[in-house]
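Chain residues, written in single-letter form:
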Amino acid sequence: MSTRMFGARIERNIDPKLLRGEGAFVDDIPLSDALHVAFLRSPHARARINAIDTAAAKAHPGVVAVYTCDDIGALDVEMPLLIPHPSMTNPQTQRPLARGDVHYVGQTVAMVVAVDRYTAEDAAAMIEVDYAPLAVEMDMIRALQDGAPRVHASIPNNLAAHFVQSSGDPDGAFAAAEHVTRITVQVDRSTAAPMECRAVAARWEAVTGELTVWDGTQAPISVRGGLASVFGIDEDKVRVIAPDVGGGFGQKVLLFYPDELLVPMAAMQLGRPVKYIEDRRENFIGSSQERTQIHTIELAALKSGEVIGLRDFFLHDTGAFIPYGIAVAQVASTSIAGPYRIPNILVEFKAVYTPTVQVTPYRGCGRPQACFAIERAMDQLAQELGLDRFEIRRRNLIADNQFPYAREGLLFADGLKVTLDSGQYGKALAMAAAELGAESFAAAQAKALSEGRYLGLGLACYVEGTGLGPYEGGHVKIHPITGKVYVNTGLSTQGQGHDTVFAQIVADQLGVSPQDVIVVEGDTKAFDWGVATFASRAAVVSGNAIHKTAVTVRKKVLQAAANMLDVDIDSIELRDSAAWVKGSNRFVPLAAIATASNPLRYAFNKAAQAATQFAPASKHDGPPLAEGEAPGLEATDYYSPSQSTWAYGVHAAVVEVDPGLCTVKIRKYVCIHDCGNMINPMLVEGQVMGGIAQGIGGALYEHLDYQADGNLANASLMDFLVPYATEIPDVSILHLETPSPLNPLGVKGVGEAGCIAVGAVVASGVEDALRPFGALKFHQVPLSPTMIADALERAGH
Amino acid sequence: MTRPMKQAGSARSGDAQVDVELTVNGEAIRRSVSVRMLLSDFLRHELGLTGTHVGCEHGVCGCCTVLIDGKPGRSCLTLAVQANGYSIRTIESVAAADGTLHPVQQAFKECHGLQCGYCTPGMVMNVLGRFEEEGPLDLSDDGIRELLSGNLCRCTGYLNIVAAVRRAAELLGRS
Ligand code: FES
Ligand code: FES
């Protein structure tokens, strides 16, 4: 293999198995004699539990055990606060099973274990709970007022956290402003809705004292650590496997969901494998959600359109608990100035408890909200100053020569100063304008209008801090028998194609085909140092760790091959799974080098025999393995980023609004994005496109409809509208590649990029399309037909 | 955590059972099943054909699509007893015995029409069913989107799946 694999559009290694139906998702793992779990969940958003009667459930045929908070011993405690932060007062996390109070509809109250799920659900319905319902307040603004019903008795005003950050001199900027624009915008509650719901299965081997847990999680190593500590078992005796996982998008990383503790507990107590397979309704009412924020943002500008200051105050809905601390709100607050210079910033937020499912990061993690706020504000400013929307952005973008661009005083979610490291923001904007045909749009719009059609141009820019630390590792080993390369890292994958991109990175170093690189992750027995898959970090952090490791193994291979072929190291090249003497046909296969690098006793196969045909792989005197030398061709290394590396992009669209039906059609959609060097552009496009589709869902359809009593009215895929193929337009995705200066591969993350800007683009486009009806405002997404109808009505139509 | 005290009892559920006979992937099957068991659960847990996935159990996502007498159908909305006498095809029957992908599967691979792969078996069975139907196929952009409009995918954003359907038509010589 002499062609470079990094950057190639190669097909994925994992696909054949998934296409044949041979994937192994949690519920596909055969566990003989397994028991099945169903949860009884609260039907009330707030209530006191007076009593729970499980007698009938326990007596039901096929039921093996029923647990309430009184039956789970040491697990009956609040679950961890994952990311503490001083801005929180008395942060609340959930207990595995409710004790005393329930705080949202869907909270787990009791767990039934039975011979099958049907029976377990029957029995759960037989549990009698005496609830005394309490008043609720669903509206964040009212929830903050004195005397509002409390989500937690001990927390007045439902205030979960309050945080202010500033950069530069915002007061001075507003005093010097020639024009100030102010706008209030809202992004609503949504959910990741992965096609595979969450799932956990556990098996306890009493004889060996080993606990094996299959968990559709994004963070198997962290779950392993948590389980070992909760159950007081050696970490080595706990194995957590995240097998194939059917999408995650952030929802599948939380330490812990109740089932992640209770299922292993039941397996240990009952001596049989136990399984919990979340159903879709439970995913809606029990698994993390995100998004509701209400921002009031002000821009201080000069007449030229240059924005010299920004003030943003927002409310962040954290749901009933705050296990992730202020992560989502902090990401929003530090992304608020987008790709613009804006040197003076004041950003303040209050996180508010509401009696709903807890909020933790969902793909985008606060960025779609921040993007919506700043981009809608930029549009309004352009309108007020009589500037074109592209032009006002052009005048404010950070210039190529201004990188690294630090926002002194703003700390990102990794606790480090926001520093945008690199990019070609102006070029991206120009590419978007060209690809969309912005120049000729006004004419097209006028022509359409003359035919009674309402076209609008929508535009938004975004930035995304990616590749958060602390670190990940990589292990690379050339197998002596097959010559194939085994690679491990501590992540898990939910469809991103890690196995292929990591293989590409390694293939280039070792001269093998990516198909001969076998990546195993998501199994704590395979590699057990690392963090998790989140925050668009896999390619950056694990990718670079694997790259560094592969470079080390390459050096070992070159040295051993030079010894075996008795030539200078510089005259060796690696290709076609072998080391070649350059310009000759002398070579030694990788398998033979790996075999020879392991001082052998037995010539157990051809490679071992072949290895003896060459000079020794290691030149030294003394014992077969020199002091300090390890057998084989293998290495482990780690990569710890110095800071996040910032990706960015520009999205633009032409939308058509039907003022009669109040529907929105996206006629053309353009995405210019820059995630640094691309390892596999085909997979990058897949990530971006998947994000855009979720963004379109968030812009037009996906809205969790909580009623005034706290019940979720649309807890099904029938009523919560995830787009089908019929809702997703063609999209043209154009790449810019500005290498990240921060890591050896020059890569930036791309997992979340696609979804960030879409809401702002659509709202911007709809506003533009309906301009003939007056200056209608669209300051909330998802942008529903009702909102369009209301806006038209207010304008007298 | 203490060691397990005893093996849990292996009680059975109290459900009434019914005998069913059906053909699954060409093989005659006779089983006694609970009257309320879903066909999806029957395929997955009784027969071990776990390639058929379950994404909603209320007929919206299409993950559970199998061919019922040749027509794409939702196995989560079908009871196992209703499949009595029918012929069912699942994803496990689509590739050749040696694992060689069927052209529809091959097209998904070439076009990167899958990410997590959870929706994929349902997508493939749906597309396969439509391709095996008599009569012309509408392979316009809108036609393909319509063909896919019973299957949700949360990962890909669909464009590559649309491309895969077009590529499959090419590989199969359909137009
Ligand atoms: S599982 Fe059958 S349609 Fe969703
Ligand atoms: S590939 Fe993940 S749901 Fe379609």
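This structure is a prediction, so every number in the text was calculated from the model and none was measured.

1. Comments concerning the environment of Arg281 of chain A
Position of Arg281 of chain A among the secondary structure elements: in helix H8 (residues 280–286). Classification of Arg281 of chain A by relative accessible area gives partly exposed; the value is 46%.

2. What to know about the interface of chain B and chain A
Listed as interface residues are 63 residues of chain B and, on the opposing side, 68 residues of chain A. A salt bridge links Arg145 of chain B to Asp730 of chain A, with the nearest nitrogen and oxygen atoms 3.3 Å apart. Along the contact surface separating chain B from chain A lie 25 residue pairs in polar contact (both at pLDDT 80 or more). For the side of chain B that touches chain A, the secondary structure elements donating two or more residues are helix H1 (39–46), helix H2 (103–110), helix H3 (120–132) and helix H4 (141–147) of chain B.

3. Quick notes on empty space enclosed by the protein
Residues and elements named next belong to chain A. A complete count under the given rule lists nine cavities of 30 Å³ or more for this structure. Volume-wise, the largest cavity comes out at about 160 Å³. Of all the secondary structure elements, the ones that give two or more residues to the lining of the largest cavity are helix H10 (367–385), helix H18 (681–701), helix H19 (753–756) and helix H20 (758–769). Tallying contributions element by element places H18 first for the lining of the largest cavity, with four residues. Considering only residue class, the lining of the largest cavity consists of ten nonpolar, five polar and three charged.

4. Digging into the environment of Thr50 of chain B
Locating Thr50 of chain B in the fold gives a position in the loop between H1 and strand S3 (65–68). Thr50 of chain B sits in the buried class, given a relative accessible area of 14%.

5. Regarding helix H21 (residues 785–794) of chain A
Residues and elements named next belong to chain A. Residues of H21 that are buried: Ile788, Ala791 and Leu792. Seen along its axis, H21 keeps its buried residues to an arc of 100°; they face one direction. Seen from the open side of H21, the exposed residues pointing more than 90 degrees away from its buried face are Thr786, Glu793 and Arg794. In this fold, the buried residues of H21 make contact with strand S26 (645–658), strand S27 (663–674) and H20. Positive phi appears at Gly796, one or two residues downstream of H21, with a value of about 85°.

6. Regarding the pattern of salt bridges
Taken as a whole, this structure holds 58 salt bridges over all chains when the rule is applied. Between Asp122 of chain A and Arg36 of chain B there is a salt bridge, and its shortest N-O distance comes to 2.5 Å. With Asp122 of chain A in helix H3 (residues 117–126) and Arg36 of chain B in the loop between strand S2 (27–34) and H1, the pair connects residues from two separate chains. Residue classification places Arg36 of chain B among the partly exposed positions, given a relative accessible area of 26%. Overlapping salt bridges bring together Arg41, Arg117, Glu121, Asp279 and Glu282 of chain A as one network.

7. Brief notes about the domain arrangement of chain B
Residue and element names in this part refer to chain B. Splitting chain B by domain gives domain 1 (17–93) and domain 2 (103–171). Computed from C-alpha atoms alone, the centre-to-centre distance between domain 1 and domain 2 is 21 Å. Overall, the association of domain 1 and domain 2 removes approximately 1300 Å² of surface from exposure, summing both partners, and the carbon and sulfur fraction of that is 60%. The interface formed by domain 1 and domain 2 includes one salt bridge.

8. Some thoughts on the sheet that holds strand S9 (residues 199–205) of chain A
All names here are of chain A. Read from one edge of the open sheet, seven strands run S3-S5-S1-S12-S9-S10-S11, paired in mixed fashion. For this open sheet the edge positions go to strand S3 (63–67) and strand S11 (238–241), each flanked by a neighbour on one side alone. Each neighbouring strand pair of the sheet contributes to a mean axis angle of 20°, computed without reference to strand direction. Here four bridges tie S3 to strand S5 (residues 108–114), and the two strands are oriented antiparallel to one another. Bridging from a neighbouring strand, Val66 pairs with Val112 of S5.

9. A few points about the side chain of Ser87 of chain A
Residues and elements named next belong to chain A. For Ser87, the location among the structural elements is in the loop between S3 and strand S4 (101–102). Accessibility expressed as a relative area gives 10% for Ser87, which makes it buried. At a separation of 2.8 Å, a polar atom in the side chain of Ser87 contacts the side chain of His85. Dropping the residues within four chain positions of it, Ser87 is found in contact with Ala160, Ala161, His162, Phe163 and Ile326.

What counts, and where the lines are drawn
- Residues numbered from 1 in each chain as written.
- Chains lettered and ligands numbered in written order.
- Predicted model: local features only at pLDDT ≥ 70, side-chain atom pairs only at ≥ 80, totals over all residues.
- Heavy atoms only, no water.
- Helix = DSSP H or I, 4+ residues; strand = E, 2+ residues; numbered from the N terminus.
- Buried < 20%, exposed > 50% of the residue type's maximum accessible area, 1.4 Å probe, protein only.
- Contact = heavy atoms within 4.5 Å.
- Salt bridge = Lys/Arg side-chain N within 4 Å of Asp/Glu carboxyl O.
- Polar contact = N/O pair within 3.5 Å; in protein donor to acceptor, adjacent residues only side chain to side chain.
- 1 Å grid on protein atoms, 1.4 Å probe; cavity = no way out; pocket = protein on both sides within 12 Å on 5 of 7 lines; lining within 4 Å.
- Points joined across faces, edges and corners; volume = space filled by probe spheres on them.
- Nonpolar A, V, L, I, M, F, W, Y, C, P; charged D, E, K, R; others polar.
- Arc of directions from axis to C-beta.
- Domains from an automatic or database assignment.
- Buried area = accessible area lost by both parts, 1.4 Å probe.
- Pairing = 2+ DSSP bridges.
- Axes fitted to C-alpha atoms, helices over the stretch in contact; angles between N-to-C directions.

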